[in-house]
Amino acid sequence: MQPINIGIVGVGNCASSLVQGLSHYRAESNDHSGLMHWELGGYRPCDIRLAAAWDIDRRKVGRDIAEAIFARPNCTQTFCGDVRPSGVKVEMGRLLDGCADHMADHPDERTFLPADAAEPDRAQVIERLREAKVDVLLNYLPVGSQQATEFYAQCALEAGVAFVNNIPVFIASDPAWADRFERAGVPIIGDDIKAQLGATIVHRVLTDLFAKRGVKLDRTYQLNTGGNTDFLNMSNRSRLKSKKISKTEAVQSVAETRLEDENIHIGPSDYVAWQNDNKVCFLRMEGQLFGGVPMNLELRLSVEDSPNSAGVAIDMIRCAKIALDRGLGGPIHPAAAYFCKHPPMQMTDDRAHEALEAFIRGEGAIALAAE
């Protein structure tokens, strides 16, 4: 099959894990564990090719992406250090609202250092997408980058490139944007990637379990700490509005009865520099068993944040390419519901999984994509 050419916006920790993973799984003799699908719609991880990349940090711009993924402030684990040069250099991106002012108050090795280079306009990014024959553009910008995300979404739209929105800026789940992608015949999957086994998916599964087992959920919280640039960026609470909505709705959508706002608290809680890319989740759920007898559950989850999303991204890329192959446009609901926290159409994870597998097999794909 023809390779899937991808473009990456934001060469941070998540991009680093994705690129390392593509290199690791390209050697088909390596263990296939860690992937939900080895082959998806005829495509394997080895079919995904880097074609273009944008960032604003001077330690990354102008370097081959194989080098840039290991440059500071990236701090995720190196699980595949032998990433061969890709021949794709990281280009200067648009700054817009992608770098919050408070980031300048932290040490260089922990924060972004914007390059002194000319920023591209929309026409230049569109031209580059077409020149590189990009099939799928992935958005890995910092949380809160509304203007920057809309800029690249528009570029993808005009270039006819499928858009995978990994962050909680609402594009696929915004009716106006969704309609624009549908009318243009361009697929979009989003919003806000749901990690392989992260805080949100665990919280959702347990909330769904409470409902299925007849346990009344009274109140819950999810507190998360980490030390990567994502957590540093989100230490400015003004950038958290969409993130909190995304994570909270992901849990509320599977609760038997929607909780009052005061009884549910979900969101990033603090930046702890020495944790680097390790994310720790503290989860508590309080409820009532038979006869109204009280119970509570407490859980601590520790994961390397960025690799936890990379395998999901590989599946999202392939689903986006399948949608392109089938001539679908607009939100791809089965993929969005299974892989994202804030999809246009929320489903339980069981139902989303069934819908995704049906989509991959080509059963009811057009109807689901257009609902």
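Parameters and conventions
- Residues numbered from 1 in each chain as written.
- Predicted model: local features only at pLDDT ≥ 70, side-chain atom pairs only at ≥ 80, totals over all residues.
- Heavy atoms only, no water.
- Helix = DSSP H or I, 4+ residues; strand = E, 2+ residues; numbered from the N terminus.
- Rg over C-alpha atoms; globule rule 2.2 N^0.38 Å.
- Buried < 20%, exposed > 50% of the residue type's maximum accessible area, 1.4 Å probe, protein only.
- Contact = heavy atoms within 4.5 Å.
- UniProt positions renumbered as here; feature names shortened; annotations may be inferred.
- Expected span 1.5 Å × (residues − 1).
- Salt bridge = Lys/Arg side-chain N within 4 Å of Asp/Glu carboxyl O.
- pLDDT = per-residue confidence, 0-100.
- Pairing = 2+ DSSP bridges.
- Axes fitted to C-alpha atoms, helices over the stretch in contact; angles between N-to-C directions.
- Right-handed = clockwise from strand over helix to strand, strands pointing away.

## Remarks on the overall build of the protein
Assigned secondary structure in the protein consists of 12 helices and 11 strands. Taking 2.2 N^0.38 as the reference for a compact globule, 371 residues should give roughly 21 Å; the C-alpha atoms of the protein span a radius of gyration of 20 Å, in line with that estimate. Expressed as a percentage of the 371 residues in the protein, the buried residues total 59%. Across the protein, every contact between residues at least 6 apart in sequence was considered, and the portion connecting residues at least 24 apart equals 77%.

## Here's the deal with the UniProt feature "domain: Myo-inositol-1-phosphate synthase GAPDH-like" (unreviewed entry) in the protein
Mapped onto the present numbering, the UniProt feature "domain: Myo-inositol-1-phosphate synthase GAPDH-like" (unreviewed entry) falls at residues 198-306. Here residues 198-306 runs as 29% helix and 38% strand, with 10 Å between its end C-alpha atoms.

## Comments concerning helix α9 (residues 307-325)
Here α9 spans 28 Å end to end across 19 residues, near enough to the 27 Å set by a 1.5 Å rise per residue. Buried residues dominate α9, accounting for 16 of its 19 residues. G327 sits one or two positions beyond α9 and adopts a positive phi of about 75 degrees.

## Some details on the pattern of salt bridges
Side chains that carry opposite charge are capable of pairing whenever their charged atoms lie near each other. The final tally for this structure, using the stated rule, is 22 salt bridges. A salt bridge links D192 to K341; the nearest nitrogen and oxygen atoms lie 3.6 Å apart. Taken together, the residues D192 in the loop between β6 (187-189) and α6 (199-212) and K341 in the loop between α10 (333-339) and α11 (349-361) connect sequence positions 149 residues apart. Overall, D192 belongs to the buried group, its relative accessible area being 2%.

## Comments concerning the environment of Y140
As for its position among the elements, Y140 is in the loop between β4 (136-139) and α4 (146-159). Separated by 65 residues in the primary sequence, Y140 and V205 place their C-alpha atoms 26 Å from one another. Apart from the residues within four sequence positions on either side, Y140 is in contact with I8, V9, G10, C14, A15, L18, N166, I167 and A313.

## Overview of the confidence of the model for the protein
Of all residues in the protein, 98% have pLDDT values of 70 or greater, and the mean over the chain is 96. Note on residues 365-371: pLDDT under 50 across the span, and 15 contacts to partners over four residues away in sequence or across chains.

## Focus on the sheet that holds strand β8 (residues 264-271)
A sheet is described by the order of its strands in space; here 4 strands give the open sequence β8-β7-β9-β10, paired in mixed fashion. On the outer flanks of this sheet lie β8 and β10 (294-304), each paired with one strand and no other. Averaged over all pairs of adjacent strands, the angle between strand axes in this sheet comes to 10 degrees, irrespective of strand direction. Of the strand pairs in this sheet, strand β9 (residues 278-288) and β10 are connected by 11 bridges, and their pairing is antiparallel. The residue of β10 that forms the bridge with L283 is L299. Across the face of the sheet, helix α8 (residues 241-252) comes into contact with β7 (216-226), β8 and β9 while running at roughly 140 degrees to β8.

## Some words on the pairing of strand β5 (residues 162-165)
Side chains A162 and V164 of β5 all project onto a buried face; the interleaved residues F163 and N165 project onto the opposite face, where all are buried too. In terms of strand pairing, β4 meets β5 through 4 bridges, oriented parallel. Residue pairing across strands places V136 opposite A162, the latter belonging to β5. Here β5 pairs with β6 via 2 bridges, running parallel. Within β6, the position partnered with F163 by the bridge is I188. Taking the sense of rotation as the criterion, the β-α-β connection linking β5, helix α5 (residues 175-184) and β6 turns out right-handed.

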